[in-house]
Amino acid sequence: MAMNSTGRPTAPANQNDAGQDVKTFSGSRGLLQQEPLLHEVGGLEKCGVDFPPIPDCKSRLDGLERDNKIGLPGLSEPEVLRHYVRLSQRNYAIDLGLYPLGSCTMKHNPRLNEKVVRLPGFADIHPLQPQSTVQGALALMGEVSHWLMAITGMDAVALSPKAGAHGEWCGMMCIREALKDRGEVDTRRRVLVPESAHGTNPATAAACGFEIDELPADVTGRVDMDVLRTKIGPDVAAIMLTNPNTCGLFERDICEIADLVHEAGGYFYCDGANLNAIMGKTRVRDLGVDAMHINLHKTFSTPHGGGGPGAGPVVLSKRLSAYAPLPYLKADGDSWTLVEDAAQSEAKPFGRMSAFHGQMGMFVRALAYMMSHGADGLRQVSEDAVLNANYLLACLSDEMSPAFDGACMHEALFDDAFLKDTGVTTLDFSKAMIDEGYHPMTMYFPLVVHGAMLIEPTETESKESLDRFADTLLALAKAAKSGDRERFVTAPVLAPLRRLDETRAARSPVLRWAAD
Ligand SMILES: *Cc1c(COP(=O)(O)O)cnc(C)c1O
């Protein structure tokens, strides 16, 4: 098979040089193995290990013991290992290639983080150990807190939330508790949320018992200040605003927005998912923010998922610090205490969000990232992330249609105007990217842009990698415009699976394997 200049086969993987579809006897394709379900690989009659016979003893389960077979397939270690390795080969991963999902900051996860987090002193401790035996771990959490507060200029940090959305909930619960303290929780019911917001923002406000009032965007993709002024009033509890916003644009009026909300007695919740664009450049405190979550898996390079929950610490202003949830860290000279219950606390914690103190594995990784970059390095990260996004914006503008005029922050947003009259939709375009070896960008978000395509390259991609990606997208855009609709509406043809019914999978998932 011929290779192109980047070493990729020029004929699709399932075709021979004559362009004929290759059907194999085994169902595997090359060295990519066909893989059935574990229940199909293993049998109920098989067992991967030899257990000694069960001694004859009286059950202490008082009649609750299982009286039928458990129904799990028996498998050997190599069968299990191969199953998961084969499945992993069908997945896309940041270790495999560029991952342009906007609003997700899919940056490289440095191996140094992984090396450090596996040190026995970090990996082998347990949250139920006496605090006197984990002083080093508590000091590390104190250090992470220090960095997060230094980067944002904020007064306190709650470490226990497990993700961005969990952090939103933490911040909004602090706001609710503060309003309770002021005796205004029943009168301040409204939370202002821009139309372009991530879906978790209105969901969080609703989960905390507030009413959502949508703010429209103006023609530049930012909060419409005229509308905002008409919506400010004594019943406003808070505004939830992302900055830079989900259109990849800095909210230029952010200080005025904060002042308007504060003057009306409300709080400013900032969605910090896009911190990667402003870290070391803009101090969040100076923007008038009262609470902001930080997604360690976005800005601070910890893995997105994989092996457990993540971490979404929340930084708080002086006005909200007292309401931070339990448990929280307290320093006393060289020793650290985790304040575990309200009776011990001198503050007014709104409650507890999780069993323990947060995700230690993520704290270690994030701190390794922060310390290996240093303050100047973290600033450089933001600068490079913004530069990379603007480079792509400039390259792609030749054939694709930017949603707004001017430069962007760390992600470039396009609409589907360039696909007008081609019969190709944003979805088709994204599916064709899969055939080209790229995970699609974020599509149809933010909702304020028609057929949105949100591309975030992050600072970790090289110029060569960005050029290859841009060339591919430009070629696809040209193909769509030249009438090659077939390429798009049938895509993906080279992926292990074609188009899935994602809606049905989400609405009526089959969660149980049934033998029949
Ligand atoms: C990712 C993201 C969130 C949610 O964060 P999770 O860690 O996925 O819960 C919220 N808002 C914005 C703008 C995001 O990009």
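All figures in this text were calculated on a predicted structure; none of them were measured in a lab.

Describing the overall build of the chain
Then, in step 1: On a plain count of helices and strands, the chain comes out with 15 helices and 13 strands.
Then, in step 2: For a compact globule of 516 residues, the expected C-alpha radius of gyration is about 24 Å, and the chain comes in at 26 Å, within 12% of that figure.
Then, in step 3: A principal-axis box enclosing the C-alpha atoms of the chain has dimensions of 75 × 75 × 40 Å.
Then, in step 4: Burial statistics for the chain: of 516 residues in total, 48% are counted as buried.
Then, in step 5: A separation of at least 24 residues holds for 69% of the contacts in the chain among residues at least 6 apart in sequence.
Then, in step 6: On the chain, roughly 26,200 Å² of surface is accessible, and the fraction owed to carbon and sulfur atoms is 55%.
Then, in step 7: Separation between the mean location of the 50 positive side-chain charges and that of the 67 negative ones in the chain comes to 3 Å.

Observations concerning the site of the ligand
Then, in step 1: Neighbouring the ligand are the residues Ser103, Ala163, Gly164, Ala165, Glu168, His198, Thr200, Asp271, Ala273, Asn295, His297 and Lys298.
Then, in step 2: Residue Gly164 places a main-chain N or O atom 2.8 Å away from an oxygen atom belonging to the ligand.
Then, in step 3: Between the ligand and the protein, one listed contact pairs an oxygen atom with a backbone N or O atom of Ala165 at 2.8 Å.
Then, in step 4: Considered on its own, the ligand offers 380 Å² of accessible surface; in the complex 87% of this is hidden by protein.
Then, in step 5: Partitioned by chemical class, the residues of the shell around the ligand number 3 nonpolar, 6 polar and 3 charged.

Describing the domain arrangement of the chain
Then, in step 1: What the domain assignment reports for the chain is domain 1 (27-45 + 72-91), domain 2 (112-370) and domain 3 (375-507).
Then, in step 2: Look at where the C-alpha atoms of domain 1 and domain 3 centre, and you get two points 33 Å apart.

Looking at the packing of helix H12 (residues 426-435) against helix H13 (residues 463-481)
Then, in step 1: Relative orientation of the contacting elements H12 and H13 amounts to 130°, with a least axis distance of 11 Å. Classified by the angle their axes make, H12 and H13 are oblique. Taken as a pair, H12 and H13 cross one another with a handedness that is right-handed. Contacts from Phe429, Ala432 and Met433 in H12 reach Phe469, Leu473, Leu476 and Ala477 in H13.
Then, in step 2: Of the residues contributing to the contact of H12 with H13, the split by class is 7 nonpolar, no polar and no charged.

Some points on a nonpolar patch on the surface
Then, in step 1: On the surface, a nonpolar cluster with roughly 250 Å² of combined accessible area is contributed by Val80, Tyr84 and Leu87.
Then, in step 2: As for its placement among the helices and strands, Val80 is situated in helix H2 (residues 77-89).
Then, in step 3: The class for Val80 is partly exposed, based on a relative accessible area of 30%.

A short note on helix H6 (residues 164-181)
Then, in step 1: Compared with the 26 Å implied by 1.5 Å per residue over 18 residues, the 26 Å span of H6 between its first and last C-alpha is a close match.
Then, in step 2: H6 sits mainly inside the fold: 13 of its 18 residues count as buried.
Then, in step 3: At the exit of H6 stands Gly183, carrying a positive phi of roughly 70°.

Looking at the packing of aromatic side chains
Then, in step 1: In total, this model carries 5 aromatic pairs according to the counting rule given.
Then, in step 2: Each ring, one from Phe300 and one from Tyr369, has its centre 6.3 Å from the other, and the planes form 80°; the classification is edge-to-face. Of the two residues, Phe300 sits in the loop between strand S6 (291-293) and strand S7 (314-316) while Tyr369 sits in helix H11 (residues 360-396), which places them 69 residues apart along the sequence.
Then, in step 3: Here the aromatic residues Phe418, Phe429 and Phe488 are joined through ring pairs into a cluster of three or more.

Overview of the nonpolar core
Soluble, globular proteins show a tendency: their nonpolar side chains are buried together.
Then, in step 1: Counting 56 residues, the largest nonpolar core has Leu148, Leu228, Phe300 and Phe363 as the members making the most contacts within it.
Then, in step 2: Broken down by secondary-structure element, the contributors of at least two residues to this core are helix H5 (135-152), helix H8 (225-231), strand S4 (236-242), helix H9 (254-263), strand S5 (267-271) and H11.
Then, in step 3: Take this core: its biggest share by element is 11 residues, from H11.
Then, in step 4: If we ignore the near neighbours within four places in the chain, the residues touching Leu148 are Val157, Leu159, Ile294, Phe300, Pro313, Val315 and Met370.

So, the sheet that holds S5
Then, in step 1: Strand order across the open sheet formed by 7 strands is S1-S7-S6-S5-S4-S2-S3, with mixed pairing between neighbours. Strand pairing shows two members of the sheet lacking a second neighbour, strand S1 (156-158) and strand S3 (211-215), which therefore form its edges. Adjacent strand axes in the sheet meet at a mean angle of 25°, parallel and antiparallel pairs treated alike.
Then, in step 2: As paired elements, S5 and S6 share 3 bridges and run parallel to each other. What sits directly across from Tyr269, in S6, is Ala291.
Then, in step 3: Strands S1, S6 and S7 of the sheet are contacted by H5, whose axis makes an angle of about 125° with S1.
Then, in step 4: H6 contacts S1, strand S2 (190-194), S4, S5, S6 and S7 of the sheet and is inclined by roughly 175° relative to S5.

A word on the pattern of salt bridges
Then, in step 1: Counting across every chain of the model gives 31 salt bridges.
Then, in step 2: The partner of Lys107 in a salt bridge is Glu459, with the nearest N and O atoms 2.9 Å apart. Residue Lys107 is located in the loop between H2 and helix H3 (111-117), and its partner Glu459 is located in the loop between strand S13 (453-455) and H13; the two are separated by 352 residues in the primary sequence.
Then, in step 3: For Glu459, a relative accessible area of 14% puts it in the buried group.
Then, in step 4: In this structure, Glu256 and Arg229 form a salt bridge, with 2.7 Å as the shortest nitrogen-oxygen distance. Of this pair, Glu256 sits in helix H9 while Arg229 sits in helix H8, and the two are 27 residues apart along the sequence.
Then, in step 5: Taken together, the shared-partner salt bridges in this structure form one network comprising Arg190, Asp213, Lys231 and Asp235.

Each value, and the rule that gives it
- Residues numbered from 1 in each chain as written.
- Predicted model: local features only at pLDDT ≥ 70, side-chain atom pairs only at ≥ 80, totals over all residues.
- Heavy atoms only, no water.
- Helix = DSSP H or I, 4+ residues; strand = E, 2+ residues; numbered from the N terminus.
- Rg over C-alpha atoms; globule rule 2.2 N^0.38 Å.
- Buried < 20%, exposed > 50% of the residue type's maximum accessible area, 1.4 Å probe, protein only.
- Contact = heavy atoms within 4.5 Å.
- Areas by Shrake-Rupley, 256 points an atom, 1.4 Å probe, with all protein chains shown as cover.
- Lys, Arg positive; Asp, Glu negative; His and termini not counted.
- Charge placed at Lys NZ, Arg CZ, Asp CG, Glu CD.
- Near = heavy atom within 4 Å.
- Polar contact = N/O pair within 3.5 Å; in protein donor to acceptor, adjacent residues only side chain to side chain.
- Nonpolar A, V, L, I, M, F, W, Y, C, P; charged D, E, K, R; others polar.
- Domains from an automatic or database assignment.
- Axes fitted to C-alpha atoms, helices over the stretch in contact; angles between N-to-C directions.
- Parallel < 35°, antiparallel > 145°, perpendicular 65-115°, else oblique.
- Left-handed = near helix turned anticlockwise from the far one by under 90°.
- Patch = residues over 30% accessible without salt bridge, like charges linked within 9 Å, V, L, I, M, F, W, Y side chains within 5 Å.
- Salt bridge = Lys/Arg side-chain N within 4 Å of Asp/Glu carboxyl O.
- Expected span 1.5 Å × (residues − 1).
- Phe/Tyr/Trp six-rings, centres within 6.5 Å; stacked < 30°, edge-to-face > 60°.
- Core = buried A, V, L, I, M, F, W, Y, C linked by side-chain atoms within 4.5 Å.
- Pairing = 2+ DSSP bridges.

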